Amino acid sequence: MDQLQLVASTAFGLESVVSRELQELGYEPLGREDGRILFEGPPSAICRTNMWLRSCDRIGLVIGNFTARDFDELFDQIAELPWEEWIGVDDQFPVTANVVRSSIRSAVNTQKMVKRAIVERLRKKYTRHWFQESGAEYRVNCDILRDDVLLTIDTTGPGLHKRGYRRDAGEAPLRETLAAALVQLSYWQPGRFLIDPFCGSGTIPIEAAMMGRKLAPGRNRVFTAMDWRNISQDLWKEAQTEARDLALPKLPGQVSGSDIDKRAITQAWRNANDAGVGGDLQFSVRDFVEMPSNRDYGIMIANPPYGERMGDRDTVRKMHQDMGELYSMLDTWSYYVLTSAPFFEKQFGRHADRRRKLFNGQIECTYYQYLGPRPPEDFDHEDESGSSDDEAAS
Ligand SMILES: C[S@@+](CC[C@H](N)C(=O)[O-])C[C@H]1O[C@@H](n2cnc3c(N)ncnc32)[C@H](O)[C@@H]1O
């Protein structure tokens, strides 16, 4: 079991972000397709990727990858795979199936067929007829896309966006994994001033602060594979020690969030404190038009109301026009806006330098990226932070 085949699943549009994260952890992506990145690593990679990846949904252990055009082909090939190397005689192995654009059409029948084929294999290996399935969980996923079958066992459990800090979600919160991706897709570096003037429950500033302090997003949670006998407890302890050793005590520079809704700011404070970054952030109740503009080379990342779920179209149009006016005065700034609202660029008054299609849940959005000039080498961000007009910590 030197090298394992693994797959990182992510939301559509974030594959390059997760590939870069994998490389930074020392794992070379082997292939990338819609929503998933294949890579290899030793057993410790299961612990480290679950612990550190910020924009990934889950990590799967690849057990088989083959072509099947009917249920006979599917059954025979699944029954050939070495399931017993992972699933013990008492373990649970629930199955889920997804079938897209394939000769096999029914996900329900696929799920039943996969279960039967694994049972068949394990019966032979363990000489048992009945499995109680009371032990550790090995959730099997069968994804069939254009007749290409990928069989994985989920190592993660509840999705990686469940960092454990969000008790209060606000009205239209971003997934933590998407918020982390928005920050990673900007040119923000710790030390540089960052603001989210529509911060709601604070997800973007909180994810930025966790990134800036090198806090592993999974450091406080449990993963399914923690119960697996093949992944030694020492490997999990090593990953936790690495996370503790790399964490910085303080965030350089200033990261802040503001929102017009007082309740949202109360939630943002609570979430930031639970995430362990309350002391690194500033939050204030404020209309975005009053955003502080007395700095240079700031970065604004925002997820304003779309006019679909919150607010109406006219309010949102006016908001885009006001944003355009405000940012036209901040000519050293870079700004990034995630919205599904049609005609954003027209209303904002400027074409974006880059656009990226992303999904906020089921809502198709565009991430508009306006890239300002790079700060000069000798620019002192810390010095600038002395001129803060944000509210102090609550
Ligand atoms: C889509 S939500 C942002 C959600 C946030 N990213 C999160 O993860 O919780 C949009 C936010 O914009 C805020 N908002 C609406 N109009 C505003 C204005 N004029 N100035 C500042 N905030 C405003 C709303 O209160 C809401 O919290």
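Remember, predicted model here, so these are calculated numbers, not experimental data. (Residues numbered from 1 in each chain as written. Predicted model: local features only at pLDDT ≥ 70, side-chain atom pairs only at ≥ 80, totals over all residues.)

Some thoughts on the sheet that holds strand β11 (residues 299–302)
Reasoning step 1: Sheet architecture is open: seven strands sit in the order β10-β9-β8-β11-β12-β14-β13, paired in mixed fashion. Edge positions in the sheet fall to β10 (281–285) and β13 (354–360), since each of these pairs with one other strand and no more. Here the average twist between neighbouring strands, direction ignored, is 20 degrees.
Reasoning step 2: For strand β8 (residues 194–196) and β11, the ladder comprises two bridges, and the chain directions are parallel. (Pairing = 2+ DSSP bridges. Helix = DSSP H or I, 4+ residues; strand = E, 2+ residues; numbered from the N terminus. Axes fitted to C-alpha atoms, helices over the stretch in contact; angles between N-to-C directions.)

Observations concerning unusual backbone geometry
Reasoning step 1: For T127, which is not glycine, the phi torsion reads 40 degrees and is therefore positive.
Reasoning step 2: Looking at the element boundaries, T127 is found in the loop between α4 (107–126) and β6 (140–145).
Reasoning step 3: Unlike most non-glycine residues, D147 shows phi in positive territory, near 70 degrees.
Reasoning step 4: The topology assignment puts D147 in the loop between β6 and β7 (148–154).

Some details on the pairing of strand β1 (residues 4–9)
Reasoning step 1: The sheet contact formed by β1 and strand β3 (residues 36–41) spans six bridges and is antiparallel. In the sheet register, A8 faces β3, and the bridge partner there is I37.

With respect to the environment of A302
Reasoning step 1: With respect to the helices and strands, the residue A302 is situated in strand β11.
Reasoning step 2: It is 7.1 Å that separates the C-alpha atoms of A302 and C199, two residues lying 103 residues apart in sequence.
Reasoning step 3: Among residues more than four places away in sequence, those in contact with A302 are D196, P197, F198 and V337. (Contact = placed C-beta atoms within 7 Å.)

A closer look at the site of the ligand
Reasoning step 1: In the neighbourhood of the ligand, 21 residues make up the surrounding shell, with F198, G200, S201, T203 and D261 lying closest.
Reasoning step 2: Broken down by class, the residue content of the shell around the ligand amounts to 12 nonpolar, five polar and four charged. (Near = placed C-beta within 6 Å. Nonpolar A, V, L, I, M, F, W, Y, C, P; charged D, E, K, R; others polar.)

As for helix α9 (residues 313–328)
Reasoning step 1: In this model α9 runs 22 Å from its N-terminal to its C-terminal C-alpha over 16 residues, within 8% of the 22 Å that 1.5 Å per residue would give.
Reasoning step 2: Along α9, the positions that sit buried rather than exposed are V316, M319, H320, M323 and Y327. Viewed end-on, α9 has its buried residues packed into an arc of 100 degrees, placing them on one side of the element. Across α9 from its buried face, at more than 90 degrees, point the exposed residues D314, K318, E325 and S328.
Reasoning step 3: Buried residues along α9 sit against β12 (334–339) and α10 (344–348). (Expected span 1.5 Å × (residues − 1). Buried ≥ 20, exposed ≤ 12 C-beta atoms within 10 Å, placed from the backbone. Arc of directions from axis to C-beta.)

A closer look at the confidence of the model for the protein chain
Reasoning step 1: Taken residue by residue, the protein chain gives an average pLDDT of 93. The fraction at 70 or more is 95%.
Reasoning step 2: Across residues 385–394, where pLDDT falls below 50, the model places 16 contacts with residues more than four positions away in sequence or in other chains. (pLDDT = per-residue confidence, 0-100.)

Focus: the domain arrangement of the protein chain
Reasoning step 1: What the domain assignment reports for the protein chain is domain 1 (4–154) and domain 2 (176–213 + 249–385).
Reasoning step 2: With centres defined by C-alpha atoms, the gap from domain 1 to domain 2 works out at 36 Å.
Reasoning step 3: On the domain 2 side, the residues contacting the nine residues of domain 1 number 12 residues.
Reasoning step 4: Here the residues of the side of domain 1 that touches domain 2 are counted per class, giving five nonpolar, two polar and two charged. (Domains from an automatic or database assignment.)

Some words on the sheet that holds strand β5 (residues 95–100)
Reasoning step 1: Reading across the sheet, the seven strands line up as β2-β3-β1-β4-β7-β6-β5 and stay open at both edges, with mixed pairing between neighbours. Edge strands, defined here as strands with exactly one partner in the open sheet, are β2 (29–33) and β5. Strand after strand, the sheet turns through a mean of 30 degrees between neighbouring axes, direction not considered.
Reasoning step 2: As paired elements, β5 and β6 share six bridges and run parallel to each other.

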